[in-house]
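Summary of structural features
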Amino acid sequence: ASNKIMMLAFRAAFLVYSLTVAANRRILMLVSGVSGILVPVLLILILPITQGGFIEGGELNFGKLFLSPNVYAFAGLAASSSLYLSSLFLADYSNVSKEPEAYRIYRRDAVLLGPVTFLMSLFIVATLQNESKWLYDNLMRSLAWLIASAAVFIVGYSSLFWRRKNGSPLIGNPRAAMVCAAVQYLLASAAYGQAHLPYMVYPDVTIESGFTHPETFRALFWSYVVGFGLLTPGFVYFWRLFMKDKKYLRNNEN
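If you're wondering where the values come from, they're calculated on a predicted model, not measured in any experiment.

Cut-offs applied
Residues numbered from 1 in each chain as written. Predicted model: local features only at pLDDT ≥ 70, side-chain atom pairs only at ≥ 80, totals over all residues. Heavy atoms only, no water. Core = buried A, V, L, I, M, F, W, Y, C linked by side-chain atoms within 4.5 Å. Buried < 20%, exposed > 50% of the residue type's maximum accessible area, 1.4 Å probe, protein only. Helix = DSSP H or I, 4+ residues; strand = E, 2+ residues; numbered from the N terminus. Contact = heavy atoms within 4.5 Å. Phe/Tyr/Trp six-rings, centres within 6.5 Å; stacked < 30°, edge-to-face > 60°. Lys NZ or Arg CZ within 6 Å of the ring centre and 35° of its normal.

What follows is about the nonpolar core. Judged by nonpolar contacts, the single largest core of 17 residues is most densely connected at Val41, Phe74, Ile124, Leu128, Leu135 and Leu139. Residue contributions to this core peak at six residues, all from helix 5 (residues 69–96). Discounting chain neighbours no more than four positions away, the residues touching Val41 are Ala75, Ala78 and Ala79. Counting residues in hydrophobic clusters, the runner-up holds ten residues, among them Ala110, Phe153, Tyr157 and Ala181.

Here's what the structure looks like:
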């Protein structure tokens, strides 16, 4: 956890520094961008570790971890998802701010990254069958959730090719694609989470054994609720600033 926090701080420092200095700005932005991909990749590695088979004698077997196809499937999904969602957001942003050239670039990136992300998801399911059979079997019991997630992805991806009714030369509805992407990941996460129950780390740590006292669980639960409540106003403000303020979007100053 401390390594991931250091990576986040490292990326934030380079991003801020790159925006305040003129020299070597391209290199600094490159470092910030690469670290922005590495952070979700490192974070998602927690998931295959919790599926079991990598902890031996109380220690993590790094050799076995780095030879696991399932680990690389998760890493590929994290990297492609970060780029895909970023492309969708920037496409929507450039569309609202009336920057057609930027919109075409980000839409093109989203069109290319969408199938890659979907294939990485299928790769995860395929590798689970050999490496975490218990989770694969449970996941197949939640197949309806996975099918719904795939259907929403198809709708969202197809929205990038929708023709516009106002005669605009631009193609696609990035807002619909963003909403569908959010629903898609929500459904897939629900299926994975349900299949993973009751284990937190298979086969040793269950949800019941992970919380030694009911009061501990309640304290953690309400801390998450309070944290979410504190973050929500910031997200709303961010959305209104970047997606609703027309003067800001068009770089106008009063």
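We now examine the side chain of His196. Counting through the fold element by element, His196 comes out in helix 9 (residues 174–196). Apart from residues lying up to four places away in sequence, His196 is in contact with Thr50, Gln51, Trp134 and Leu135.

This part covers the packing of aromatic side chains. Across all of its chains, the model carries nine aromatic pairs by this definition. Measuring from ring centre to ring centre gives 5.4 Å for Trp134 and Tyr199, while their planes differ by 75 degrees; the resulting arrangement is edge-to-face. Placement of Trp134 in helix 7 (residues 133–141) and of Tyr199 in strand 3 (residues 199–201) is noted, with a sequence separation of 65 residues between them. Judged by its relative accessible area of 26%, Tyr199 is partly exposed. The interplanar angle of 65 degrees and the centroid separation of 5.5 Å between the aromatic rings of Tyr157 and Phe161 together place this pair among those described as edge-to-face. Taking relative accessible area as the criterion, Tyr157 reaches 18% and is therefore assigned buried. Grouping aromatic residues by their ring pairs yields a cluster made of Tyr84, Phe118, Phe153, Tyr157 and Phe161. Taking the ring centre of Phe161 as reference, the NZ or CZ of Arg107 above it sits at 5.2 Å. Lying over the aromatic face of Tyr103, Arg164 brings its terminal NZ or CZ to 5.1 Å of the ring centre.

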